[in-house]
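Remarks on the overall topology
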Amino acid sequence: MKLLRHSVWFSSKIAAPSGPALPVRIFTVRILACALLFVLVSSRASAVVHPVPLDPKADASTCLQCHEDKTKGKSVHSAMQMGCLSCHEVRVNKDVTHVKLITATPVTLCVTCHADKKASEIKGTVHPPAVRDCLTCHDPHTSDNKNQLLKPESGEAKDNLCLTCHTTGMNMPTGGSRHAALDMGCDTCHLTHKTGPEPTIDNRFHLTKATPALCVDCHDPKDADLQKAHNNQPFGTANCVECHDPHQSDQPKLMAKFEHAPFQAGGCDTCHAPAKDGKVVLTQPDVKSLCVTCHDDKAKLIDNAKVPHPGAAGDCTDCHSPHASNQPGLPKTDSVSICLGCHTDVADEGKKPVHHQPVFGLGCATCHTPHGGDNDHLLRATGNALCLECHGPDSVPQKTDDGMLAIFNDQIKLPADYYQKNKVPVLPLKFGLGHPVDNHPVSDVMDPTNLTKIKAHITCLSCHQPHASAQADLLVKDQANNMQFCDQCHKNRLNMEETVSPGN
């Protein structure tokens, strides 16, 4: 910075904003740029060069002469007992000593011992920092916190490791509520690395136990006040987080954002009779009979759909919470996971790095009708019309009274900033042409000699996958976006109009 200030001062003294001194000024700027580059390179190099020369055969005892502090603390990494050279290597070249890890990245080194933490081999939801770099949370040598954590998992924001990334519970709205357990520390309820192939709530959210077992550790179902609050219904075996947010809520008593109308009105007797022998008693013989007393339109849709959804043929509470949920439509989990519990093939696609945002963001019901429909795969539209609802040039989402955007004839609502926030590409199509380049067709190409005959059958799915891909642009078969992909149809690069049908 001192060099920068002096150079700017010097250039201002020898050169005016314009005139014959300008070349001198340009020369000075070039000198400054070179100097800054030298500083950057030097500082970067010093990060890998050991400050004192070492013998190529230096061992751990040599390291500890200066780095003895790495072996002291409340939580010392067990690898320290194996010696520094179990993780580091010393390289000497022309009297310059370099000390580096024995692997290319820290996470690669860590999983040589902690193989059970290797994200690529874990089935289930992995805590994102554990995928990228263990040093995001852990000190590799020693710490005053358990498991060599950089900070404890409790306390105020500046001292809490979890609150480095998560702001949950930090901004409680006026009139809302906050779970007191947050003050006990995140590790009261969570195990950061817990995961598993089963899509259970404890695996997905890294919980020490599944609900309600986790909740009843603190909240006794036999407590008279709790029983009264739950209208003397047996709630001890219910999934508490179907009604309550475990961290904070806009509503009192940690209630979920969306509530079933009779529940919100306190009309429990609409659906429930007094409990008998500690069990829930409904006012109708079964769940479905109870639901259709109000939701007869859904029952007719399910029964009369040309393409039925087998999942909708069971009890409504297989998918919906009868009380409350944090998402519209009252899904028991969320609008994505509620479907992936059965559609595990799509869940597996979620492991790919590139996602179609509506699938793993908004939810499957963005494109599919969840109860039944008239189109294959329960799609809301057929052919390209489905994709062009968002990506077509004529796509004009309608603004609703509540400030949201509506698509598919007001059946789906999107946040007002959805298109901007997610950078939704709108294709400049004219007469079915214009993507990915001018005049390229996106729909069937007819035979010019016989307009009733299709020369090349093309849809969006000819090139794109609808859910996820290993490559950008969601191209089929996880292929990269390059000329080799185009070569599948355009066999002759000298004449790109000479084509074959996709897949042939």
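All residue numbers refer to position in the chain's written sequence, counted from 1. Only residues with pLDDT of at least 70 are given local features in this predicted model, and only at 80 or more are side-chain atom pairs given and counted; all residues enter the totals for whole chains, interfaces and linings. Side-chain numbers come from the whole structure's heavy atoms, not from hydrogens or water.

Now for the packing of aromatic side chains. Two rings from Phe, Tyr or Trp (for Trp, the six-membered ring) form a pair when their centres are within 6.5 Å of each other. A pair whose planes differ by under 30 degrees is stacked, one over 60 is edge-to-face, and the rest are tilted. Overall, the coordinates contain 1 aromatic pair when judged by the stated rule. Ring geometry for Tyr418 against Tyr419: centres 6.1 Å apart, planes inclined by 80°, an arrangement best described as edge-to-face.

Our next topic: the sheet that holds strand β16 (residues 412-414). The rule for pairing is simple: two strands pair if DSSP sees at least two bridges between them. The helix and strand labels rest on DSSP assignments: H or I over at least four residues marks a helix, E over at least two residues marks a strand, and numbering proceeds from the N terminus. The strand order β14-β15-β16 describes an open sheet built from 3 strands, whose pairing is antiparallel. Two strands bound the open sheet, and with one partner strand each, they are β14 (398-399) and β16.

If a strand is regular, its side chains alternate between the two faces of the sheet. One ladder, built from 3 bridges, connects strand β8 (residues 272-276) with strand β9 (residues 279-282); its direction is antiparallel. What sits directly across from His272, in β9, is Leu282.

The next point concerns the side chain of His127. Among the secondary structure elements, His127 is positioned in the loop between α4 (106-110) and α5 (128-132). Sequence-distant contacts of His127, defined by excluding residues within four places in its chain, comprise His166, Thr192 and His206. Residues are treated as being in contact if the distance between any of their heavy atoms lies within 4.5 Å.

This paragraph deals with helix α15 (residues 384-391). Burial classes: relative accessible area under 20% of the type maximum marks a residue as buried, over 50% as exposed, and values in between as partly exposed (1.4 Å probe, protein chains only). Three or more residues of α15 are buried, namely Asn384, Leu386 and Cys390. Take α15 and look down its axis: the buried residues cluster within an arc of 160°, on one side only. Along its buried surface, α15 packs onto β15 (405-407) and α16 (418-421). Picture the helix axis, draw a direction to every C-beta atom, and the arc is the one those directions span.

Glancing now at the side chain of Gln233. The residue Gln233 is located in the loop between α8 (224-229) and β6 (248-249) in this model. Polar contacts, as counted here, are pairs of nitrogen or oxygen atoms within 3.5 Å of one another; within protein the pair requires one atom able to donate a hydrogen and one able to accept it, and residues that are adjacent in sequence qualify only if both atoms are side-chain atoms. At 3.3 Å, the side chain of Gln233 and the backbone oxygen of Ala273 are in polar contact. Once residues within four sequence positions are removed from consideration, Gln233 is found in contact with His272, Ala273, Pro274, Ala275 and Val280.

Right, let's talk about the confidence of the model for the chain for a bit. As a note on interpretation, predicted positions should not be read in detail where pLDDT is low. Looking at the chain, pLDDT values average 86 and 90% of them are 70 or higher. Values of pLDDT, ranging from 0 to 100, describe the predictor's confidence in every residue of the model. This stretch, residues 1-47, has a pLDDT under 50; its non-local contacts, to residues over four places away or in other chains, come to 17 contacts.

Here the nonpolar core consists of buried residues drawn from Ala, Val, Leu, Ile, Met, Phe, Trp, Tyr and Cys, with membership extended through side-chain atoms lying within 4.5 Å. Counting 12 residues, the largest nonpolar core consists of Cys367, Ala381, Leu386, Cys390, Leu405, Ile407, Phe408, Ile412, Leu414, Tyr418, Tyr419 and Val424. For this core, the elements supplying multiple residues, two or more each, are α15, β15, β16 and α16. Discounting chain neighbours no more than four positions away, the residues touching Tyr419 are Glu389, Cys390, Ser395, Pro397, Leu405, Ile407, Leu414 and Val424.

Let us look at a nonpolar patch on the surface. Patches draw on residues past 30% relative accessible area with no salt bridge. Two like charges within 9 Å are joined, as are two nonpolar side chains (Val, Leu, Ile, Met, Phe, Trp, Tyr) within 5 Å. Only the protein chains shown count as covering a residue, and every accessible area follows the Shrake-Rupley method with a 1.4 Å probe. One side-chain nitrogen of Lys or Arg within 4 Å of one carboxyl oxygen of Asp or Glu is enough to make a salt bridge. Where nonpolar side chains cluster on the molecular surface, the patch consists of Met446, Leu451 and Ile454 and spans about 280 Å² of accessible area. Here Met446 shows up in strand β17 (residues 445-447).

Take the state of the cysteines next. Two cysteine sulfurs form what is called a disulfide whenever their separation falls within 2.5 Å. Counted according to the given criterion, the structure contains 0 disulfides. Cys162 provides the cysteine sulfur closest to Cys186, a residue in no disulfide bond, and the two sulfurs are 3.7 Å apart. Cysteine Cys218 is unpaired, with the sulfur of Cys189 as its nearest cysteine sulfur at 7.0 Å.

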